[in-house]
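# Architecture at a glance
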Amino acid sequence: MRRTPAALIPLAAVASLAALAVPVGAVPQEPAAAAAAPAEPVRFATFNASLNRAVEGELVADLSTPDDQQAQNVAETIQRVDPDVVLINEFDYAPEAVDLFRDNYLEVSHHGSTPVDYPYAFIAPSNTGVPSGFDLNNNGQVGGGDDAFGFGLFPGQYGMVVYSKYPIDTDGVRTFQRFLWKDMPGALLPDDPATAAPADWYSPQEQAVLRLSSKSHWDLPIEIGRRTVHFLVSHPTPPTFDGAEDRNGTRNHDEIRFWADYVSGPARSRYLYDDAGVRGGLRPGSTFVIAGDQNADPEDGDSVDGAVLQLLDHPLVDSRFAPSSAGAPEAAALQGGANLTQTGDPDLDTADFADGAPGNLRVDYVLPSRRLKVLGGGVFWPATTDPLYRLTGAYPFPTSDHRMVWLDVR
């Protein structure tokens, strides 16, 4: 399916967001289509596709031709699952790359797969690689990825993008890139174990500028017929790569908590403010889907105890259906190691951390509100006997160390 590449359209209707967000391909929808309810279930998906690159501009260069093998694998994976709305984590912030990936990869067949057309997309800046100006890791030096607002070697590395077959209400988009961690009541601000004072890993000056989101948190209203589904997407920091202060583990916990508070109503969400200065969370009664690489397993791994249970056990979230695959339990058995001592169900794993501890984990989620009817879903992790196993493979992975997760809802 070919078409004229969509133009980059600024959010002119939301002046305070114009410098922060660039929706891509905001193609007007015909009134008849807007009024119709979808005849089929809607498939929401998340995929940490590892489309990040080592230097700024490299992703645009790689996607400028149709020849990048990893990008071909990512596109084919998406085509095989064919989600209607998909979040891609670890997609460097480069608005030009959105159309390049769409035109050169998603709309091109790979190994006989059916091309997929996404007329709507959204990308916005990420905190990764944005210098903080402070020594956040307390190593005596200022600079580098560890001292950025979110770990990254350049601004926007490890960012994210959303592609959609349904219109995105760009006027209603909310981003929370600049929300400060200290402004979350009861925040788990890390403690320096070498001092007697509590929660003092970050100085008062650092806390005054430190943002909660390691990338960003987005509320994207997706217009599906006459209904609006809020696609709530993020990518919390891994709860590792720190010390006894557990600064990444506590941040991961609170990044996940953000959505738990956001959907809970005014009593819990009134403290939140978006990048336009609008306060509060999601309007009560709204329909939503929370998606992303949460970097937290409910039973295993290094995350703070109960971190992802803030969502899985939330009364407004339907987590009764857990997507699974044939390849995940096979991989856990073949790899052994840390997988042998885990307590979680390997059928539900979504990430292959075959290089040792902590073993394979369930860290990627698509979690709908209870107002939606869940019809099914899965994890794209084929068994070794499946011809599509070539898309997941073994370390070093041909595509990503994460697997696409999807859910069908009505």
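Look a little higher up for the structure.
Residues numbered from 1 in each chain as written. Predicted model: local features only at pLDDT ≥ 70, side-chain atom pairs only at ≥ 80, totals over all residues. Heavy atoms only, no water.

### Digging into the sheet that holds strand 10 (residues 364-368)
Two orientations exist for strands paired in a sheet by backbone hydrogen bonds: parallel and antiparallel. Spatially, 6-7-8-9-10 is the arrangement adopted by the five strands of the open sheet, whose pairing is mixed. This sheet does not close on itself; its edge strands, each paired only once, are strand 6 (174-175) and strand 10. Judged from the five bridges that link them, strand 8 (residues 227-233) and strand 9 (residues 287-293) form a sheet pairing that is parallel. Paired with Leu-232 across the two strands is Ile-290, which belongs to strand 9. (Pairing = 2+ DSSP bridges. Helix = DSSP H or I, 4+ residues; strand = E, 2+ residues; numbered from the N terminus.)

### Overview of the packing of aromatic side chains
For the structure on display, the rule yields 16 aromatic pairs. For the pair Phe-258 and Tyr-262, a centre-to-centre distance of 6.0 Å together with 15° between the ring planes defines the contact as stacked. Taken together, the positions of Phe-258 and Tyr-262, both in helix 6 (residues 247-262) and four residues apart, correspond to about one turn of that helix. According to the relative accessible area criterion, Phe-258 is buried, its value standing at 1%. Taking the centre distance of 5.7 Å and the plane angle of 80° together, the rings of Tyr-395 and Phe-397 count as edge-to-face. On the accessibility criterion, Tyr-395 (59% relative accessible area) is exposed. Taken together through their ring pairs, the aromatic side chains of Phe-176, Phe-179, Phe-258, Trp-259, Tyr-262, Tyr-271 and Tyr-273 make up a single cluster. Looking at Arg-403, its charged tip hangs above the ring of Trp-381, at a distance of 4.5 Å from the centre. Between the NZ or CZ atom of Arg-403 and the centre of the ring of Phe-397, over which it lies, the distance is 5.4 Å. (Phe/Tyr/Trp six-rings, centres within 6.5 Å; stacked < 30°, edge-to-face > 60°. Buried < 20%, exposed > 50% of the residue type's maximum accessible area, 1.4 Å probe, protein only. Lys NZ or Arg CZ within 6 Å of the ring centre and 35° of its normal.)

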